[in-house]
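This is what each chain is made of:
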Number of protein chains: 2
Amino acid sequence: MGEFDLIDRYFKRPLRHAPASRALLGPGDDCALLAPAAGMQLAVSSDMLVEGRHFLSTVDPTRLGHKALAVNLSDLAACGARPLAFTLALALPRVDERWLAGFSEGLFALADAHGCELVGGDTTAGPLNICITVFGEVPAGTALLRSGARAGDDLWASGTLGDARLALEVFRGRLALDAAGFDAARLRMEAPTPRVALGQALRGIATSAVDISDGLLGDLGHVLRASGVGARIDVAAALALLAHGAQRLDRALALACVLAGGDDYELAFTAPATARAAVEAAGRAAQVAVTRIGTIEAPPGVRLLEADGRPLARRFASFDHFAR
Amino acid sequence: MGEFDLIDRYFKRPLRHAPASRALLGPGDDCALLAPAAGMQLAVSSDMLVEGRHFLSTVDPTRLGHKALAVNLSDLAACGARPLAFTLALALPRVDERWLAGFSEGLFALADAHGCELVGGDTTAGPLNICITVFGEVPAGTALLRSGARAGDDLWASGTLGDARLALEVFRGRLALDAAGFDAARLRMEAPTPRVALGQALRGIATSAVDISDGLLGDLGHVLRASGVGARIDVAAALALLAHGAQRLDRALALACVLAGGDDYELAFTAPATARAAVEAAGRAAQVAVTRIGTIEAPPGVRLLEADGRPLARRFASFDHFAR
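Residues numbered from 1 in each chain as written. Chains lettered and ligands numbered in written order. Predicted model: local features only at pLDDT ≥ 70, side-chain atom pairs only at ≥ 80, totals over all residues. Heavy atoms only, no water.

Colleague: Sorry if this is basic, but what is going on with the interface of chain A and chain B here?
Modeller: When the parts of a complex come together, some accessible area is lost, and that lost area is often taken as the interface size. With 61 residues of chain A at the interface, the matching set in chain B holds 61 residues. Summed over both sides, the interface of chain A with chain B buries roughly 4,900 Å², with 62% coming from carbon and sulfur. On inspection of chain A and its partner chain B, the count reaches two salt bridges. A salt bridge links Arg146 of chain A to Asp30 of chain B, with the shortest nitrogen-to-oxygen separation between them at 3.3 Å. At the surface where chain A touches chain B, the tally comes to 15 residue pairs in polar contact (both at pLDDT 80 or more). Top contributing element to the side of chain A that touches chain B by residue count: strand E3 (residues 40–50) of chain A, with nine residues. A class-by-class count of the residues in the side of chain A that touches chain B yields 35 nonpolar, 15 polar and 11 charged. (Contact = heavy atoms within 4.5 Å. Buried area = accessible area lost by both parts, 1.4 Å probe. Salt bridge = Lys/Arg side-chain N within 4 Å of Asp/Glu carboxyl O. Polar contact = N/O pair within 3.5 Å; in protein donor to acceptor, adjacent residues only side chain to side chain. Helix = DSSP H or I, 4+ residues; strand = E, 2+ residues; numbered from the N terminus. Nonpolar A, V, L, I, M, F, W, Y, C, P; charged D, E, K, R; others polar.)

Colleague: Help me understand the relation of the copies chain A and chain B, please; the structure alone is not making it clear to me.
Modeller: The operation relating the two chain copies consists of a rotation about an axis and a shift along that axis. Placing chain A over chain B gives an RMSD of 0.0 Å and needs a rotation angle of 180°, together with 0.0 Å of translation along the axis. Both copies are brought into coincidence by an operation consistent with a two-fold rotation axis. The overlap is high: 100% of the interface residues of chain A also sit at the interface in chain B, so the same surface is used on both sides. (Least-squares fit on C-alpha atoms with pLDDT ≥ 70 in both.)

Colleague: Any chance you could explain the pattern of salt bridges here in plain terms?
Modeller: Should their charged atoms come close, side chains of opposite charge can pair. This structure, assessed with the given rule, holds 34 salt bridges over all chains. A salt bridge links Arg188 of chain A to Asp163 of chain A, with the shortest nitrogen-to-oxygen separation between them at 3.6 Å. You can see Arg188 of chain A sitting in helix H5 (residues 179–190) and its partner Asp163 of chain A sitting in helix H4 (residues 163–171), a full 25 residues away along the chain. Considered together, Arg188 of chain A and Asp163 of chain A belong to a single accessibility category, that of buried residues. Among the salt bridges present, the one from Glu266 of chain B reaches Arg188 of chain B, with a minimum N-O distance of 2.9 Å. Of the two residues, Glu266 of chain B is situated in strand E10 (residues 266–271) and Arg188 of chain B in helix H5 (residues 179–190); the sequence distance between them amounts to 78 residues. The burial state of Glu266 of chain B is the same as that of Arg188 of chain B; both residues are buried. One salt-bridge network, held together by shared partners, links Asp163, Arg188, Arg195 and Glu266 of chain A. (Buried < 20%, exposed > 50% of the residue type's maximum accessible area, 1.4 Å probe, protein only.)

Colleague: I tried to follow the nonpolar core on my own but got confused; where do I start?
Modeller: Soluble globular proteins tend to pack their nonpolar side chains together in the buried interior. Ranked by internal contacts, the top residues of the largest apolar core, which has 58 residues, are Phe11, Phe86, Leu88, Phe103, Ile130 and Phe269 of chain A. Residues contacting Phe103 of chain A, with those up to four places away along its chain left out, are Phe11, Pro61, Thr62, Leu64, Gly65, Ala68, Leu88, Leu90 and Ile130 of chain A. Of all hydrophobic cores here, the second largest spans 57 residues; its members include Ala111, Cys116, Ala206 and Leu267 of chain B. (Core = buried A, V, L, I, M, F, W, Y, C linked by side-chain atoms within 4.5 Å.)

Colleague: Can you walk me through unusual backbone geometry in this structure?
Modeller: Comment: phi is negative for the bulk of residues other than glycine, and the bulk of peptide bonds are trans. With a phi angle near 55°, Gln287 of chain A is a residue other than glycine that sits in the positive phi range. With respect to the secondary-structure elements, Gln287 of chain A resides in the loop between helix H10 (276–286) and strand E11 (290–297).

Colleague: It is not clear to me how the sheet that holds strand E12 (residues 301–305) of chain B should be interpreted in this structure. Could you clarify?
Modeller: Consider a sheet: its strands pair through backbone hydrogen bonds, and that pairing is either parallel or antiparallel. Residues and elements named next belong to chain B. Pairing is mixed in the open sheet, where six strands are placed in the order E8-E10-E7-E11-E9-E12. Both edges of this open sheet fall to strand E8 (208–212) and E12, since each of them pairs with a single strand only. Pairs of neighbouring strands in the sheet enclose a mean axial angle of 25°, with direction left out of account. Summarising the sheet, strand E9 (residues 230–234) and strand E11 (residues 290–297) pair through four bridges and their orientation is antiparallel. Its bridge partner lying in E11, Arg232 is registered against Thr295. (Pairing = 2+ DSSP bridges. Axes fitted to C-alpha atoms, helices over the stretch in contact; angles between N-to-C directions.)

Honestly, it's all geometry; don't read function into it.
The structure is reproduced here in structure tokens:
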């Protein structure tokens, strides 16, 4: 099968031209054409997934197709943008039709769930590499940014944290979980749920947001630096976000999973204390838990506080692709 | 050096916020924000470059930075769009500061020449892979498409064709060129010139356009199929587009270079015969040669005709990344 047959068979579908569609021209021309609605800004994000770095070579291709788009939708969620369209660039070591069928199935199932159309891309031979660029729209001036956190704001996190890291520890042979716990943690690692509805529901409520992809402390650090503030984190509240098997875990490992696990694709966000009811309503509307885990403070840096008010001294390294 | 230091050092620059800038928020948030002007559509294209496939491992990183953006700008040119912004996703086997300095220098020199801002992206460890997604704007309804060619239209090509393939033949040890001829051909292979000004000048004149990246016959084939037409190509006119060393080449090789060479990044386009003066004026305005090389005809397929009217029977394979 050649490059163009491959694209035709697995990645070309008629554009839906639904009323909400902003894609005028899809795969098959030199460019896709998008027409954002009047008064809308376009939010754009690119993520590249490399075998052995972002996923294991043994991963189910359907889950990988899901995850490749999910990590991009998570960036749109962190801006409060509504997904519109995406491009897919794919380097494949060989044409494996079973893999392609599974990958495109997982990709399109998530794309359809979010009304996000594949509008273009590229296919080439090479070491397995998946690069998606996603486009969303957000009413002008309402995007959630990293720079809006203010001293006194509450610090919130969505969903659960650390499950993906737990699954990775099992894969690495450093941890045993029961079958149900491992399956649940593995699903969170391999098929994360981007918090797209929550991000949109938080527009006008949250003062800043970031998606948690490299671990809570690392990604929160981007918000704190961009906003010129610091934060206090309630360690007990954060630990309660570890859903699977947490009760039987070594505490140091549980802390590492929750605070610096990576691959969570939850949102960390800030909002004024006066907005607590609004944040909780947004969580209910988006059908995802939202939990207060701390407070934004003026002094830079992060302070981790135990239930009795003592500071937790441990340091946690955020994920860095070039760290040795 | 870590991932974020690397981005800061080589890829983060203040957004220019020039009057024409449509980028509101650049690298450093979850998404970039773009605001196309009223009445404009956004043209989007993604290209992925893989070492050993799209470039040799020995290539000068400055030229590679240029080429990675140039092949994307060439897609915008084929749509008649004005470049606005791009995202860069980069997988690097290691942090090589000399390479990064050269790559970013070549990339930004071309970006600045076209007023195209880097607004976001991703950096990861992995086999060398460069994925750029480029954004341009085009007045609504005026984009040059592949589907507009009509029987009777002239078939045109910009610039010169086949030089990149000549250089590749030298690298492969199948051909010898004198030093000046090789340098010129190699420059065309390693640092192609996207025909951005020509594409915009052809809006309202050309009926269809495509950029020639996989060879003239292959890319023209996309136009013919999308338009439901065929074409007659004047072999002598096409051969005259081979700029470097053509006079001393074997004729079969010269034909292969011009008709199926690949990596040309020129435009093939169609226009009514009544528009010849307008096409030539567009070429002059864009400072690039435009040459009539054939005619669009109703019967499907391509007919290659010698100067005496005899058909050329040879078949030429277009470049296919998965062909064996």
